[in-house]
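Single-letter residue listing:
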Amino acid sequence: MLKTKRVVVPLVLLQATSVLVLWSLDSVNRSSQEIITLFLAIDLLSFAIIAHVYRSARGGVTLGRRWIVAAGLALLLLLFTTLFVS
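Residues numbered from 1 in each chain as written. Predicted model: local features only at pLDDT ≥ 70, side-chain atom pairs only at ≥ 80, totals over all residues. Heavy atoms only, no water.

Moving on, we come to the side chain of T82. When you line up the elements, T82 lands in helix α3 (residues 65-85). The contact partners of T82, leaving out residues within four places of it in the chain, are L38 and F39. (Helix = DSSP H or I, 4+ residues; strand = E, 2+ residues; numbered from the N terminus. Contact = heavy atoms within 4.5 Å.)

To continue, consider the side chain of D43. Along the polypeptide, D43 turns up in helix α2 (residues 30-59). On the basis of relative accessible area, D43 is assigned to the buried category, the value being 12%. Contacts of D43, omitting those with residues within four sequence positions, involve Q15, S18, V19 and L22. (Buried < 20%, exposed > 50% of the residue type's maximum accessible area, 1.4 Å probe, protein only.)

Time to look at the environment of S31. Positionally, S31 belongs in helix α2. Along the chain, S31 and V85 lie 54 residues apart, while their C-alpha atoms are 6.9 Å from each other.

Attention now moves to a nonpolar patch on the surface. A grouping of V69, L73, L76, F80, L83 and F84 is seen on the molecular surface, where their side chains present a nonpolar patch of about 680 Å² in accessible area. You can see V69 is positioned in helix α3. With a relative accessible area of 46%, V69 lands in the partly exposed category. (Patch = residues over 30% accessible without salt bridge, like charges linked within 9 Å, V, L, I, M, F, W, Y side chains within 5 Å. Areas by Shrake-Rupley, 256 points an atom, 1.4 Å probe, with all protein chains shown as cover. Salt bridge = Lys/Arg side-chain N within 4 Å of Asp/Glu carboxyl O.)

Put simply, α2 and α3 touch, their axes get as near as 10 Å, and they point 165° apart. Compared by their axis directions, α2 and α3 come out roughly antiparallel. Crossing of α2 against α3: the hand is left-handed. Residue composition of the contact of α2 with α3, grouped by class: 17 nonpolar, 5 polar and 1 charged. (Axes fitted to C-alpha atoms, helices over the stretch in contact; angles between N-to-C directions. Parallel < 35°, antiparallel > 145°, perpendicular 65-115°, else oblique. Left-handed = near helix turned anticlockwise from the far one by under 90°. Nonpolar A, V, L, I, M, F, W, Y, C, P; charged D, E, K, R; others polar.)

Remember, this is a structural readout, not a statement about activity or role.
Okay, structure coming up:
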């Protein structure tokens, strides 16, 4: 349970931050539209990771460390991409 909390809590915080940024953006600008799509991708990917962690914990299966690290790197790539787009 402790291992799942270490994965899920930062992802929920990332989702909350992403939603706040999405609410603050103006969807009329072209650059804002690109940022919106990137933050939506971040939300969907983090939700998929949380769902995978939940299903693994409920099924009694150990978490795949490689899969979690790869998904985390993809999230970081999306976050850095939003910095360069804006």
